[in-house]
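Listed below, chain by chain, are the residues.
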Amino acid sequence: MSGLKEKVIGGFKIAKGKLLNRCSPLEINIHITDRCNLKCTYCYSNFYKRRNPDISKEQILKIVDAFKELGVLEVSLIGGEPFLHPDISEIIDYIKDNGLMCSMVTNGYFLHRHLAAVKRLNMVCVSLDGPREINDITRGNGSFEHAVKALELLKDNNVNRSIRSTLQKNNLAYIEDMMAIAVKFGAILNFGLLFPQSSEDGQVKTISRDTPEDSSYRQALKKIIELKKKYPSRFFNSVANFKNAYNWPAGYTKFFLYNDELKDYPGFKPVPCYGGRTFATVDTDGRLYPCTNLIGYYDAPNVLNTDIKKAWQSIKNHPCKACFYLSSVEKNLVSSLSMDAIWNILRSKGVR
Ligand code: SF4
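Here's a quick rundown of the structure. (Residues numbered from 1 in each chain as written. Predicted model: local features only at pLDDT ≥ 70, side-chain atom pairs only at ≥ 80, totals over all residues.)

### What to know about the site of the ligand
Part 1: In the vicinity of the ligand lie 15 residues, with Cys273, Gly275, Cys291, Cys320 and Cys323 positioned nearest.
Part 2: Listed by contribution, the elements that provide at least two residues to the shell around the ligand are strand 12 (320–323) and helix 11 (326–335).
Part 3: Broken down by element, the shell around the ligand gets its largest block of residues, four residues, from strand 12. (Near = placed C-beta within 6 Å. Helix = DSSP H or I, 4+ residues; strand = E, 2+ residues; numbered from the N terminus.)

Next up, the structure:
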């Protein structure tokens, strides 16, 4: 979220929801297309191999309408590469014309073709994993060049921007280089940790070969916590979030902990999960999950052929209770009214 007014409204909604024990969605992620022009080696859904058709513009607008009625404040368009959706500009315009915040995650290749719509976005997150020679190992030749061109264009047009940098074994030694790139383009650094990778049908999950040793991940997280304390407004995620990942009690290939597994880690205090209560994700096949991380993990309701409000009501009772995914945990912290996370949002606003 990037609008201060919407954040204040969001805060009130969370507080009211807590008091009344009701679930109101604040943010919905929509995977609008599987198609992608890149083949990143660690891609969590192997989107470029999947064959789901794009969600049509009409279906997307229907989903937006239903979630607006439920109280959503922000729609995040993700893929695949969302700019490959043929109706992307109209979709952004519709979301903005309806008074909602709209953000996007992109590799930056096609952003310049949709500048009028891009200027209306509240936040554009460009994926970039390090300096050219490091970034292009996993994201492909030329991807650095396109990402920095997109960041330049966003900067020239004063669009809020962040850099999504997935921490994996190739780039752990380049965290300070990423800081320098973020400063150069006036962007917030948004680190992520690796997800398991899905097979083409989404059923089989495997560990990416780019996954570092646990000790290397932990060392990198420690470094980020130190940098975050020094440059508090440059990072998208709060200290509490990085600490949750740093203190993750299982290995980093144990991606989440279900309710019945928490007893095995008695000293660990998980950040409460609000997936399916204040945020959710629609996959390209229309299935509605509590969060992106749970895609393919269970038989989720499909918003393309069932009542969207009923689908929303049905997903809150899932067994997943803890994770280390920085983007989801940040939402969980905000929804828990963590002062560190709330202060972090306010502080990172307007970073250039
Ligand atoms: S604990 Fe994390 S992975 Fe599990 S549902 Fe919640 S946000 Fe998603």
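### Brief notes about helix 2 (residues 57–70)
Part 1: Taking 1.5 Å per residue, 14 residues should reach 20 Å; helix 2 reaches 20 Å between its end C-alpha atoms and fits that length.
Part 2: Buried residues of helix 2: Ile60, Ile63, Val64 and Phe67, and no others. Seen along its axis, helix 2 keeps its buried residues to an arc of 100 degrees; they face one direction. Within helix 2, the exposed residues directed more than 90 degrees away from the buried face are Glu58 and Glu69.
Part 3: For helix 2, the elements touching its buried residues are strand 1 (27–31), strand 2 (74–78), helix 3 (88–97), strand 10 (279–282) and helix 10 (308–314).
Part 4: A positive phi of about 110 degrees marks glycine 71, the residue just after helix 2. (Expected span 1.5 Å × (residues − 1). Buried ≥ 20, exposed ≤ 12 C-beta atoms within 10 Å, placed from the backbone. Arc of directions from axis to C-beta. Contact = placed C-beta atoms within 7 Å.)

### Section: the environment of tyrosine 44
Part 1: Residue position: tyrosine 44 is located in the loop between strand 1 and helix 2.
Part 2: In this structure, the C-alpha to C-alpha distance between tyrosine 44 and leucine 194, residues 150 residues apart in sequence, is 7.5 Å.
Part 3: Residue contacts for tyrosine 44: discarding those within four places in its chain leaves Phe195, Pro196, Gln197 and Ser198.

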